[in-house]
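Examination of the molecular architecture
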Amino acid sequence: MYHVIFHIDEKEKWPLVLGNVKNFMADHMAAEIEVLANAAAVNGYRSGAFIDQMRELSDQGAKFVACQNALNAQHILKEDLPEFVSVVPAGVVELVKKQSSGYAYIKP
Amino acid sequence: MYHVIFHIDEKEKWPLVLGNVKNFMADHMAAEIEVLANAAAVNGYRSGAFIDQMRELSDQGAKFVACQNALNAQHILKEDLPEFVSVVPAGVVELVKKQSSGYAYIKP
Amino acid sequence: MYHVIFHIDEKEKWPLVLGNVKNFMADHMAAEIEVLANAAAVNGYRSGAFIDQMRELSDQGAKFVACQNALNAQHILKEDLPEFVSVVPAGVVELVKKQSSGYAYIKP
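Just so you know, these numbers come straight off a predicted model, no measurement behind them. (Residues numbered from 1 in each chain as written. Chains lettered and ligands numbered in written order. Predicted model: local features only at pLDDT ≥ 70, side-chain atom pairs only at ≥ 80, totals over all residues. Heavy atoms only, no water.)

In this arrangement, two copies of a chain are superimposed by a rotation about an axis accompanied by a shift along the axis. Rotating chain B by 120° and moving it 0.0 Å along the rotation axis overlays it on chain A with an RMSD of 0.0 Å. In symmetry terms, the pair is related by a three-fold rotation axis. A share of only 12% of interface residues in chain B that are also interface residues in chain A marks the association as one of differing surfaces. (Least-squares fit on C-alpha atoms with pLDDT ≥ 70 in both. Contact = heavy atoms within 4.5 Å.)

This is the structure in structure tokens:
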């Protein structure tokens, strides 16, 4: 089984990232897929435009994660995030831990 | 022997990517090198400005690959690509497979 | 112990990269951390705005590295770099070597 973590730190890249995840799942539904958002990209979790598409991918098994450091910097509360988004203390640490445990890294 | 996959998804990044590949080959001619283009970057395979430089690097052993999903989205036919470009069904899957088999990942 | 290499090739990304390194070190002071700058990003090593923050992170153990190919292209001499910056012949080769020896890769 393949494991992959998609990294996004710019809000403008959400359409590209979500398209990438969709294409990946179309081919490999059984993979472990995580989307890790840090820096300004966490604002995408507050944007109506992307939530429906994210929820659909989440329902199909993709994990959506936000960086707590970034939420603090962007003044976003955990309670304001969609229910399918989980939070890690530091996005960069999550990226390293996942790669260390065998995840491939993709930065669209 | 080193293995590396360069990922490009923005057309504007072709000069940077090709410069990176050239620099890498100057130091490690024996490595396995793949350039994987998806999203809007596949348009670079239709652009006269880059083809000569790509062909030269291809002649020296670098592999140039296009994502079929991206070709579809950009309305580019496989027949329209230079003869040295190969096509994979999904660029993101190629990126994960290659990393899983030991390739380093670089996103210029 | 975790190992991570941060890749930067655009000068504008220095604030983001340095913030990422700071966040990583706040969580994992014991990790091996390298920041590899190539292309236009090596100009950041000449910019007063970032040097103090880099030196502080360097004092805490982060390694700052510049690509010689990029220094040549940007007409920067090794002697002009801060004393804590080391130079490698080719940044892309450094990125591959480090990943091959177990470093995670992050491109902010």
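More follows now that the structure is in view.
Turning to the sheet that holds strand S3 (residues 63–67) of chain C, a few remarks are in order. Residue and element names in this part refer to chain C. A sheet is described by the order of its strands in space; here five strands give the open sequence S4-S3-S2-S1-S5, paired in parallel fashion. Here the strands that pair on one side only, and so sit at the sheet edges, are strand S4 (85–88) and strand S5 (104–106). With strand direction ignored, the average angle separating the axes of adjacent strands in the sheet is 30°. Alignment of strand S1 (residues 3–8) against S5, held across three bridges, turns out to be parallel. (Pairing = 2+ DSSP bridges. Helix = DSSP H or I, 4+ residues; strand = E, 2+ residues; numbered from the N terminus. Axes fitted to C-alpha atoms, helices over the stretch in contact; angles between N-to-C directions.)

For the rest of this paragraph, the subject is the interface of chain B and chain A. Across the contact, 16 residues belong to chain B and 16 residues belong to chain A. Approximately 1300 Å² of surface area, both sides summed, lies buried where chain B meets chain A, with 67% of it carried by carbon and sulfur atoms. Of all residues in chain B, the largest losses of buried area upon contact with chain A belong to Val92, Val93 and Val96 of chain B, amounting jointly to 37% of the total for that side. Between the two partners, chain B and chain A, sit zero salt bridges. (Buried area = accessible area lost by both parts, 1.4 Å probe. Salt bridge = Lys/Arg side-chain N within 4 Å of Asp/Glu carboxyl O.)

Next up on the list: helix H2 (residues 48–59) of chain B. Residues and elements named next belong to chain B. For H2, built from 12 residues, the straight-helix expectation of 16 Å at 1.5 Å per residue is met to within 8% by its first-to-last C-alpha distance of 17 Å. Within the span of H2, buried status applies to Phe50, Ile51, Met54, Leu57 and Ser58. Down the axis, H2 shows its buried residues gathered within 135° of arc, on one side only. Exposed residues on H2 whose side chains face more than 90 degrees from its buried face are Gly48, Asp52 and Asp59. For H2, the secondary structure elements touched by its buried residues are helix H1 (14–27) and strand S3 (63–67). (Expected span 1.5 Å × (residues − 1). Buried < 20%, exposed > 50% of the residue type's maximum accessible area, 1.4 Å probe, protein only. Arc of directions from axis to C-beta.)

A few words on the pairing of S3 of chain B. Two faces make up the sheet, and in a regular strand the side chains alternate between them. Residue and element names in this part refer to chain B. Counting buried positions over the five residues of S3 gives four, a clear majority of the element. Where strand S2 (residues 32–37) lies against S3, four bridges are found, and the strand directions are parallel. Across the sheet, residue glutamate 34 finds its bridge partner in S3, namely lysine 63. This β-α-β element, S2 to H2 to S3, shows right-handed connectivity. Strand direction decides the pairing type here: S3 and strand S4 (residues 85–88), joined by four bridges, are parallel. (Right-handed = clockwise from strand over helix to strand, strands pointing away.)

For the pair chain B and chain C, the best superposition has an RMSD of 0.0 Å and corresponds to a rotation of 120° with a translation of 0.0 Å parallel to the axis. Of all interface residues in chain B, a mere 12% are interface residues in chain C too; the two copies therefore contact each other through different surfaces.

Ranked by internal contacts, the top residues of the largest apolar core, which has 129 residues, are Trp14 and Phe64 of chain A, Trp14 and Phe64 of chain B together with Trp14 and Phe64 of chain C. What tryptophan 14 of chain A contacts, discounting residues up to four positions off in sequence, is Ile8, Val35, Ala37, Ala41, Gly44, Tyr45, Phe50, Met54 and Phe64 of chain A. (Core = buried A, V, L, I, M, F, W, Y, C linked by side-chain atoms within 4.5 Å.)

Many structure descriptions define interface size as the accessible area lost when the parts assemble. Taken together, the contact pairs 16 residues of chain B with 16 residues of chain C. Summing the contributions of chain B and of chain C, the shared interface buries around 1300 Å²; its carbon and sulfur component is 67%. Taken as a group, Tyr2, Asn23 and Ile106 of chain B account for 32% of the area that chain B buries against chain C, more than any other trio of residues on that side. Applying the counting rule to chain B against chain C returns three residue pairs in polar contact (both at pLDDT 80 or more). If you list the elements that add at least two residues to the side of chain B that touches chain C, you get strand S1 (3–8), H1 and strand S5 (104–106) of chain B. Looking at the side of chain B that touches chain C, the element that brings in the most residues is H1 of chain B, giving five residues. (Polar contact = N/O pair within 3.5 Å; in protein donor to acceptor, adjacent residues only side chain to side chain.)

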